[in-house]
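Structure assessment
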Amino acid sequence: MVWVTGRDDVFKFVAGVDKGGRPYVSRKNKAIVLASGVRRNTIAHEIGHVLGFKDKYYDVWHPESCQWFEQTLDQDLMSNSDIGDVTPAEWHELDRRYPVKVAR
């Protein structure tokens, strides 16, 4: 990651003032908006959005209760930012999209 200042085409971090507010990415303002007290996994999840990854939440129908429930994949950061991690498939996609250039 390279920190850049003074440009309009890069995303910036914006610290929110509301504790417990929901973090989000604003593509219009090129901002990652974080609430006070946000966890590092949540920051990584929001950076994942900037890198092009979508949320992986699933609505599942439970016929017993006649309701839809949101289901997440515990092992996947883009599904569960509390305990998830970057999956091997996501690492592969990152390597494909952003190949490492070695300075010589």
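What counts, and where the lines are drawn
- Each residue is numbered by its place in its chain's sequence as written, counting from 1.
- This being a predicted model, a pLDDT of at least 70 is required before a residue's local features are given, and a value of 80 or more before pairs of side-chain atoms are given or counted; all residues contribute to the totals for chains, interfaces and linings.
- The side-chain figures draw on all heavy atoms in the structure; neither hydrogens nor water molecules are used.
- pLDDT runs from 0 to 100 and stands for how confident the predictor is about each residue.
- Elements are defined by DSSP. Helices are runs of H or I of four residues or more, strands are runs of E of two residues or more, and each kind is numbered from the N terminus.
- Per-residue accessibility, obtained with a 1.4 Å probe over protein chains only, is compared with the maximum for each type, and a residue is labelled buried under 20%, exposed over 50%, and partly exposed between these values.
- Throughout, a contact is declared for two residues whenever any of their heavy atoms are within 4.5 Å.
- Paired strands are those between which DSSP finds at least two bridges.

To continue, consider the confidence of the model for the protein. Mean pLDDT over the protein: 87, with 90% of residues reaching 70 or higher. By mean pLDDT, the top-scoring element of the protein is helix H1 (residues 40-50) (93), and the lowest-scoring one is strand E1 (residues 12-15) (87).

One non-glycine residue, lysine 30, lies in positive phi territory at about 50°. Inspection of the secondary structure assignment puts lysine 30 in the loop between strand E2 (24-26) and strand E3 (31-34). The exposure class assigned to lysine 30 is partly exposed, which follows from its relative accessible area of 29%. With a phi close to 55°, cysteine 66 is a non-glycine residue in the positive phi region. Turning to its location among the elements, cysteine 66 is positioned in the loop between strand E4 (58-62) and strand E5 (67-71).

Moving on: the side chain of threonine 87. Secondary-structure assignment places threonine 87 in the loop between E5 and helix H2 (88-97). For threonine 87, a relative accessible area of 14% corresponds to the buried category. The contact partners of threonine 87, leaving out residues within four places of it in the chain, are Gln75 and Asp76.

Residue alternation in E3 divides its side chains into two sets, Ala31 and Val33 and Ile32 and Leu34, and both sets are buried. Of the pairings in the sheet, the one linking E1 to E3 comprises four bridges and is parallel in character. If you follow valine 14 over to E3, its bridge partner there is valine 33. Both E2 and E3 contribute to a ladder of three bridges, which runs antiparallel. Bridge pairing in E3 places serine 26 opposite alanine 31. Here E2 folds back onto E3 in antiparallel fashion, the turn holding four residues, of which lysine 30 has a positive phi close to 50°.

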